[in-house]
Amino acid sequence: MYYDGKIWVGTDDEINHIYLYPKMANRHGLVAGATGTGKTVTLKVLAESFSDMGVPVFMADVKGDIAGLAAAGTDSEDMKKRIERFGLSDKGFDFKGYPVTLWDIYGEKGITLRTTITEMGPLLLSRLMDLNDLQTDILSIVFKIADDNNLLLIDTKDLKAMLNYVSENNKEFEAQYGKMSPQSISAIVRALVSLEVAGGDKFFGEKAIDIMDFFTFGDMGKGMINILDSSSLINNSKLYSTFLLYLLSELFERLPEVGDMDKPKMVFFFDEAHLLFNDAPKALLEKIEQVVKLIRSKGVGIYFCTQNPKDIPDGVLAQLGNKIEHALHAYTPADQKAVKAAAESFRENPAFNTYETIMSLGTGEAVVSFLGEDGIPGMAQKTYILPPQSSFGAIDSATRERLIKGNICYSKYYESIDPDSAYEFLERRGIQLAEEAAKAAEEAEAEKQREKEEKEAAKQREKEEKEAAKAAEKAEREAAKKAEAEAKAAQKEKDKAEAEKKRAAKAVGNTITGTVGREVGKNVGKKFGKFGQTLGGNVGACLGRGIFSTLFGSKK
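(A) Local environment of the packing of aromatic side chains. Scanning the model with the defined rule gives 19 aromatic pairs in all. Relative to Y246, the ring of F243 has its centre 6.1 Å away and its plane inclined at 35°; by these criteria the two rings are tilted. Within this pair, F243 and its partner Y246 are both found in helix α9 (residues 237-254), separated by three residues, close to a single helical turn. With respect to class, F243 is no different from Y246; both count as buried. An aromatic cluster is defined as three or more aromatic residues linked by ring pairs; in this entry it consists of F58, W103, F214, Y240, F268, F270, F277, F304 and Y413. Over the face of the ring belonging to Y19 we find K6, whose NZ or CZ atom lies 4.1 Å from the ring centre.

Below, the structure is given as structure tokens:
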């Protein structure tokens, strides 16, 4: 309860007020205790006080009852006894609701709360996907390649497209970014698919949350209490814790340095804080410790809520100046050791034994130690926590619906958009490369067809040339044959004519020969008788042939 310019948390046995000073509220704090000891009520009392101070608050609603801050509490016999016990009736205590903005990464019980792959970053994303050191390094390189090529990684399909692109073009990137085995990239893709199955795909997208929307105010300047519904989200502990750490990181990155202020600019409650540190790699633990150390100067107070202080690493625990320890139970030697460690973290109060007091606290009771105005931790004090002014229980569905749709942020984040990012760029590039490949293949096929046609044409020309040469050769042979035949025929005709000439000459010769012979024979026969006729005939024939030969050039 905000009273007298301070946060009135409770009273001690003497009804003395136990205060948390606003100036020291950004020095961080711890709310611890076993289940059922009153941690949720304490968180509500603190959240109400900060809101009344005009300080925005962010907190997770794991069980579904934190949203009751939006509704006014109700009077009852138990509440009357509490009001009387703490003397609240004259201190301005009244039942009232507080300005609340409900968020939900699934968009079911609150305004949809998203971020982008790029804003989450490779370190947190690696934890979210449970990657080993080598895979984390490769994922960081993929982010670097995307950044160097101005490729936006908005959602899981963008990252998946980018991973496949790097795997397919591994050789091109190896010289500049180092070797990345396709097997490791495939393992990252499988982890990403598992994250999608777990609902992570709904978490990444646009519009991404603008953390400045947490810094809003309700009526009369009350700080807005931003509540993340985590009743379903808590089932995926890594998604839950990684997302809250992402929000812390965003606050750290976005907010300017302000130094020490009279009151925080914002208070961040991290419920089920042990989930943040479970199996966290060294690099992540160092980042958490750095954020916790330095975010104080940004005006942000962080309050871790968990069952046992031992859930918080020593490096972080040392930064938590304000402590509220509800009851712890020790059933084993290990439990006793944990309770003893929790007791020893308080500044000792001589009035009681801190260890035994923590073990015997009832519901709504706590051992607290707040930083004084001088920054020195106060002594441990057994404290009875004040009741909240808002409702103890959850809100009904109608109230939740009204709170969601009546909020100015609802219209801003209701509709998801899919901007032009790595997936679309790489898809266009793939289409372009496919078209270029198809065109190249078409051109190659056309060139191949052209070469084939040219070969066939050359072959046809060669064939035609051979056929023409063969035809010419044949024609030449036929012409030669014809010429030869014609020559033979001419010779034959010539020979025939010659023969005819000879026959004619012979006939003439025979005629002449016969005539001469007969005439010579007659004349010789007249002188020598019959013998003289024969001799005369032969002599005549010889004379005839001689005459023939002389006339025609032949002795025949």
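(B) Seen up close, the pattern of salt bridges. A full pass over the atoms with the stated rule returns 23 salt bridges. When the shortest N-O distance is used, the salt bridge between E289 and K293 registers 3.4 Å. Placement of both E289 and K293 in helix α11 (residues 282-294) is noted, with a separation of four residues, approximately one turn of the helix. Linking K488 and E484 is a salt bridge whose minimum nitrogen-to-oxygen distance equals 3.5 Å.

(C) A look at the nonpolar core. In this structure, F50, L125 and F304 are the most contacted members of the largest nonpolar core, which totals 119 residues. At 10 residues, α9 tops the list of elements feeding residues into this core. Once residues within four sequence positions are removed from consideration, F304 is found in contact with G29, L30, V31, F270, A273, L276, F277, V292, I312, V316 and L320. One finds A327, A330, V339 and I358 within the second-largest nonpolar core, a separate group that totals 11 residues.

(D) Focus on unusual backbone geometry. The amide bond that connects E206 to the next residue, K207, takes the cis arrangement and shows omega of 5°. Its location among the elements puts K207 in the loop between α8 (200-203) and β8 (225-229). One non-glycine residue with positive phi stands out, namely M220, at about 60°.

(E) How the structure looks around the side chain of N308. Residue position: N308 is located in the loop between β10 (300-306) and α12 (314-317). The class for N308 is buried, based on a relative accessible area of 14%.

(F) Summary view of the packing of helix α4 (residues 133-148) against helix α5 (residues 156-168). With their axes 10 Å apart at the nearest point, α4 and α5 run at an angle of 95° to one another. In terms of axis orientation, α4 runs roughly perpendicular to α5. Contact residues: α4 offers L139, V142, F143, I145 and A146, while α5 offers L159, M162, L163 and V166.

(G) Seen up close, the layout of surface pockets. One number sums up the size of the largest pocket: a volume of about 290 Å³. If you go around the largest pocket, you meet 15 residues; those closest to its centre are Y98, P99, V100, G218 and D219. Taken together, the residues of the lining of the largest pocket sort by class into eight nonpolar, four polar and three charged.

(H) Just the pairing of strand β4 (residues 29-32), in detail. Here β4 shows two buried faces, one formed by G29 and V31 and the other by L30 and A32. Relative to β10, β4 is paired through four bridges, and the arrangement is parallel. The residue of β10 that forms the bridge with L30 is F304. Bridge count for β4 against strand β11 (residues 322-325) is four bridges, and the pairing is parallel. Paired with A32 across the strands is E325, a residue of β11.

Rules of the game
Residues numbered from 1 in each chain as written. Predicted model: local features only at pLDDT ≥ 70, side-chain atom pairs only at ≥ 80, totals over all residues. Heavy atoms only, no water. Phe/Tyr/Trp six-rings, centres within 6.5 Å; stacked < 30°, edge-to-face > 60°. Helix = DSSP H or I, 4+ residues; strand = E, 2+ residues; numbered from the N terminus. Buried < 20%, exposed > 50% of the residue type's maximum accessible area, 1.4 Å probe, protein only. Lys NZ or Arg CZ within 6 Å of the ring centre and 35° of its normal. Salt bridge = Lys/Arg side-chain N within 4 Å of Asp/Glu carboxyl O. Core = buried A, V, L, I, M, F, W, Y, C linked by side-chain atoms within 4.5 Å. Contact = heavy atoms within 4.5 Å. Axes fitted to C-alpha atoms, helices over the stretch in contact; angles between N-to-C directions. Parallel < 35°, antiparallel > 145°, perpendicular 65-115°, else oblique. 1 Å grid on protein atoms, 1.4 Å probe; cavity = no way out; pocket = protein on both sides within 12 Å on 5 of 7 lines; lining within 4 Å. Points joined across faces, edges and corners; volume = space filled by probe spheres on them. Nonpolar A, V, L, I, M, F, W, Y, C, P; charged D, E, K, R; others polar. Pairing = 2+ DSSP bridges.

Honestly, it's all geometry; don't read function into it.
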